[in-house]
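# Examination of the molecular architecture
Below are the chains, spelled out letter by letter.
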Amino acid sequence: MTVNRLRPRRSCLAVPGSNPRFLEKAQGLPADQVFLDLEDACAPLAKPEARHTIVKFLNEGDWTGKTRVVRVNDWTTEWTYRDVVTVVEGAGPNLDCIMLPKVQNAQQIVALDLLLTQIEKTMGFEVGRIGIEAQIENAQGLNNVNEIAQASPRIETIIFGPADFMASINMKSLVVGEQPPGYPADAYHYILMKILMAARANDLQAIDGPYLQIRNVDGFREVAGRAAALGFDGKWVLHPGQVDAANEVFSPSQEDYDHAELILDAYEYYTSEAGGKKGSAMLGDEMIDEASRKMALVIAGKGRAAGM
Ligand code: GLV
Ligand code: MG
């Protein structure tokens, strides 16, 4: 069985699992992914009921065109197993992935994989279809990120969780997504690159976490633009106003997309019998070869996924 794990995730919309009004509204927004949250957006006393609310909305809502994800609580809490059992037993066929926050090591992914397999077998669901998204939110997780990325064939994405991460390493900033005052360079560069390398080395997607100044769309664009420039596939959105910006920032520009398709066409022609079986060729003033083809494929792939 092969499962397509490369779903569009330019915009990953967070929705509190305890808020029916937001769960209703989220269905009409043009986000690539929606994740219904049982973790930090859900108060402890609201979690038991939120599990059932999520099951109801997954089964009865219209999520057409969206990747459907539920974020459960992390394994150090007392809630995780019941989150997974209730949600997957109740709505497994209408759910694409479970997001696991604060992942610290590969064993935590293996444990979730085993639990999912048990539920799928018991319920008669397709075994292995539900994917896992792993959030990296502390130093242990970052140190183990490559093993985490390899821990299960269910893993689809590695996600940076800046709020918890900054708190866990004592970074001196209170504005999530913004630079800490007093440091003259990009304080997130190392973390983002390490996550990106683990994702790319294992054919997974890399997703940037939230930007909490929800009314500052220019600030969101700037921070999202940095992650997109490095090669990240998408970013969390916390507010309807951030959705279009994320979709735009994580799609190539029309000009870049058209150019990438041109390179692919030209390369295909020049390497063919009719084109002289060449290893490299000129496209205007630009030399193109196998490496340019690969770079063009990345841009074209993102553009095609965005429906360009
Ligand atoms: C997200 O969960 C974060 O902690 O930034
Ligand atoms: Mg977090």
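Residues numbered from 1 in each chain as written. Chains lettered and ligands numbered in written order. Predicted model: local features only at pLDDT ≥ 70, side-chain atom pairs only at ≥ 80, totals over all residues. Heavy atoms only, no water.

On to the environment of Pro184. With respect to the secondary-structure elements, Pro184 resides in the loop between α7 (162–168) and α8 (189–201). Exposure remark for Pro184: the relative accessible area of 81% places this residue in the exposed category. On a C-alpha basis, the gap between Pro184 and Asn94 in space is 46 Å, while along the polypeptide they are 90 residues apart. (Helix = DSSP H or I, 4+ residues; strand = E, 2+ residues; numbered from the N terminus. Buried < 20%, exposed > 50% of the residue type's maximum accessible area, 1.4 Å probe, protein only.)

Here the focus is the nonpolar core. Of all hydrophobic cores here, the largest spans 67 residues; its most connected members are Leu13, Leu36, Leu58, Val70, Ile98, Ile109 and Ile158. Leave out the neighbours within four places in its chain, and Leu58 touches Leu36, Trp63, Arg68, Val70, Val87, Ala91, Asn94 and Leu95. Of all hydrophobic cores here, the second largest spans 11 residues; its members include Leu264, Ala266, Ile288 and Ala296. (Core = buried A, V, L, I, M, F, W, Y, C linked by side-chain atoms within 4.5 Å. Contact = heavy atoms within 4.5 Å.)

Moving on, we get to the pattern of salt bridges. Within this structure, the stated rule accounts for 25 salt bridges. Of the charged contacts in the structure, one is a salt bridge between Arg71 and Asp37, with a shortest N-O distance of 2.8 Å. Linking Arg71 in strand β3 (residues 67–71) with Asp37 in strand β2 (residues 33–37), this pair joins segments that are 34 residues apart in sequence. Both residues of the pair, Arg71 and Asp37, belong to the buried class. Here Arg154 and Glu120 are joined by a salt bridge, their closest N and O atoms 2.8 Å apart. Of the two residues, Arg154 is situated in the loop between α6 (145–149) and β6 (155–160) and Glu120 in helix α4 (residues 106–123); the sequence distance between them amounts to 34 residues. Judged by relative accessible area, Arg154 falls into the buried class, the value being 3%. Of the residues examined, Glu120 reaches a relative accessible area of 0% and is grouped as buried. Via salt bridges that share partners, Arg7, Arg9, Arg68, Asp96, Arg129, Glu133 and Glu156 belong to a single interconnected network. (Salt bridge = Lys/Arg side-chain N within 4 Å of Asp/Glu carboxyl O.)

As a further point, take the site of ligand 1. Taken together, Arg71, Gln135, Glu137, Gly161, Pro162, Ala163, Asp164, Pro210 and Trp236 form the complete shell of residues around ligand 1. In this structure, Glu137 approaches ligand 1 through a side-chain N or O atom, which is 2.8 Å from an oxygen atom. Burial of ligand 1 by the surrounding chains reaches 94%, relative to a free accessible area of 190 Å². Sorting elements by how many residues they give to the shell around ligand 1 places α7 first, with three residues. (Near = heavy atom within 4 Å. Polar contact = N/O pair within 3.5 Å; in protein donor to acceptor, adjacent residues only side chain to side chain. Areas by Shrake-Rupley, 256 points an atom, 1.4 Å probe, with all protein chains shown as cover.)

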